[in-house]
Amino acid sequence: VLPLTTAVTQVVLLRMGELVMGVPSVLVELVRRLPVSELAAAYASKTMDYKGESVPFYWAGALLQASRASTETSGKTASVAIFRSAGQRVAMHVDEVLGNQEVVVKNLGPQLARLPGLAGMSVLASGAVVLIYNPVALAISYGSQAAAFGATVDEASPYGTDGSLLQASATTATVPLVLVVDD
């Protein structure tokens with residue numbers, strides 16, 4: 001049984017290393033370049049101040065358990081997005097915001113519909129499959145696991161006190177990959 005229901009929506013494409021994920025643009029409240037010193041402070045406190053509110057802060061790759069920390073070379077600023085859903089906010093550090101794109105979102109079917117934070121999937125014009133997530137739901141469901149997952153790189157932050165990026169250990173365990181094929 002293949003899910004055939006489709007919907008067209010605007011998504012913001014975000015890149016974390018080699019991984020690209022989509023987020024419905026209605027959930028994106030703000031995308032900004034944050035100075036590396038502020039980014040290091042956010043990693044240290046695991047929160048970010050936004051409009052007087054302390055917003056939970058995560059590395060997006062850790063929420064998806066794809067990578068423990070960014071491997072991008074350090075610049076003067078880094079991309080941070082703030083998402084809002086159901087009155088809750090969450091801030092995520094990403095390597096790059098690829099832009100806004102209209103995509104056809106396919107439902108996941110009953111097998112994957114119960115996964116928290118996973119809203120759908122789409123195939124881009126390049127042929128790449130991109131999963132569409134709700135970052136707030138991801139943070140609610142997997143926030144504590146993401147904090148533990150990312151904490152093994154550096155207890156305080158993947159950024160040094162001077163704001164420079166600390167490289168992840170080469171002995172970092174890889175996340176198992178499962179491929180399910182149905183003919």
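Residues numbered from 1 in each chain as written. Predicted model: local features only at pLDDT ≥ 70, side-chain atom pairs only at ≥ 80, totals over all residues. Heavy atoms only, no water.

### Some remarks on the overall build of the protein chain
What the protein chain contains, in helices and strands, is 4 helices and 10 strands. Expressed as a percentage of the 183 residues in the protein chain, the buried residues total 40%. Residue pairs at least 24 apart in sequence account for 65% of intrachain contacts in the protein chain once pairs closer than 6 positions are excluded. Looking at the protein chain as shown, the accessible area adds up to about 10300 Å², and 56% of this sits on carbon and sulfur atoms. (Helix = DSSP H or I, 4+ residues; strand = E, 2+ residues; numbered from the N terminus. Buried < 20%, exposed > 50% of the residue type's maximum accessible area, 1.4 Å probe, protein only. Contact = heavy atoms within 4.5 Å. Areas by Shrake-Rupley, 256 points an atom, 1.4 Å probe, with all protein chains shown as cover.)

### With respect to the confidence of the model for the protein chain
Per-residue confidence for the protein chain gives a mean pLDDT of 81; residues scoring 70 or more make up 83%. Between residues 152-158, whose pLDDT stays under 50, and residues either more than four places distant or in other chains, the model counts 16 contacts. Confidence drops under a pLDDT of 50 for residues 160-172, and excluding neighbours within four residues, the segment shows 20 contacts in the predicted structure. (pLDDT = per-residue confidence, 0-100.)

### Here's the deal with the nonpolar core
The biggest cluster of nonpolar side chains holds 36 residues, and the ones touching the most others in it are Leu14, Phe57, Phe83 and Met92. Excluding residues that lie within four positions of it along the chain, Phe57 makes contacts with Leu39, Ala42, Tyr43, Lys46, Thr47, Met48, Val80, Ala91 and His93. One finds Leu13, Val103, Val105 and Val130 within the second-largest nonpolar core, a separate group that totals 7 residues. (Core = buried A, V, L, I, M, F, W, Y, C linked by side-chain atoms within 4.5 Å.)

### What to know about a nonpolar patch on the surface
Taken together, the side chains of Val123, Val129 and Leu131 make up a nonpolar region of the molecular surface, amounting to roughly 240 Å² of accessible area. Mapped onto the elements, Val129 comes out in strand S10 (residues 129-133). (Patch = residues over 30% accessible without salt bridge, like charges linked within 9 Å, V, L, I, M, F, W, Y side chains within 5 Å. Salt bridge = Lys/Arg side-chain N within 4 Å of Asp/Glu carboxyl O.)

### Quick look at the sheet that holds strand S3 (residues 28-35)
The mixed open sheet is built from 5 strands, whose spatial order is S3-S6-S7-S5-S4. On the outer flanks of this sheet lie S3 and strand S4 (47-50), each paired with one strand and no other. Neighbour-to-neighbour, the strand axes of this sheet turn through a mean angle of 30 degrees, independent of strand direction. As paired elements, strand S5 (residues 53-59) and strand S7 (residues 88-94) share 3 bridges and run parallel to each other. Residue Phe57 lies in a different strand from S7, and its bridge partner there is Ala91. Relative to the sheet, helix H1 (residues 36-45) contacts S3, S4, S5, strand S6 (77-85) and S7, its axis offset from that of S3 by approximately 115 degrees. (Pairing = 2+ DSSP bridges. Axes fitted to C-alpha atoms, helices over the stretch in contact; angles between N-to-C directions.)

### Some details on the pattern of salt bridges
Summed over all chains, the structure comprises 3 salt bridges. Two residues, Glu96 and Arg15, come together in a salt bridge whose shortest N-O distance is 2.9 Å. Of the two residues, Glu96 sits in strand S8 (residues 96-106) while Arg15 sits in strand S1 (residues 6-16), which places them 81 residues apart along the sequence. The exposure class assigned to Arg15 is buried, which follows from its relative accessible area of 17%. Notably, a salt bridge pairs Glu29 with Arg89, separated by 3.0 Å at the nearest N-O pair. Separated by 60 residues along the polypeptide, Glu29 in strand S3 and Arg89 in strand S7 bring together distant segments of the chain. Each member of the salt-bridge network shares a partner with another, and the members are Glu29, Glu53 and Arg89.

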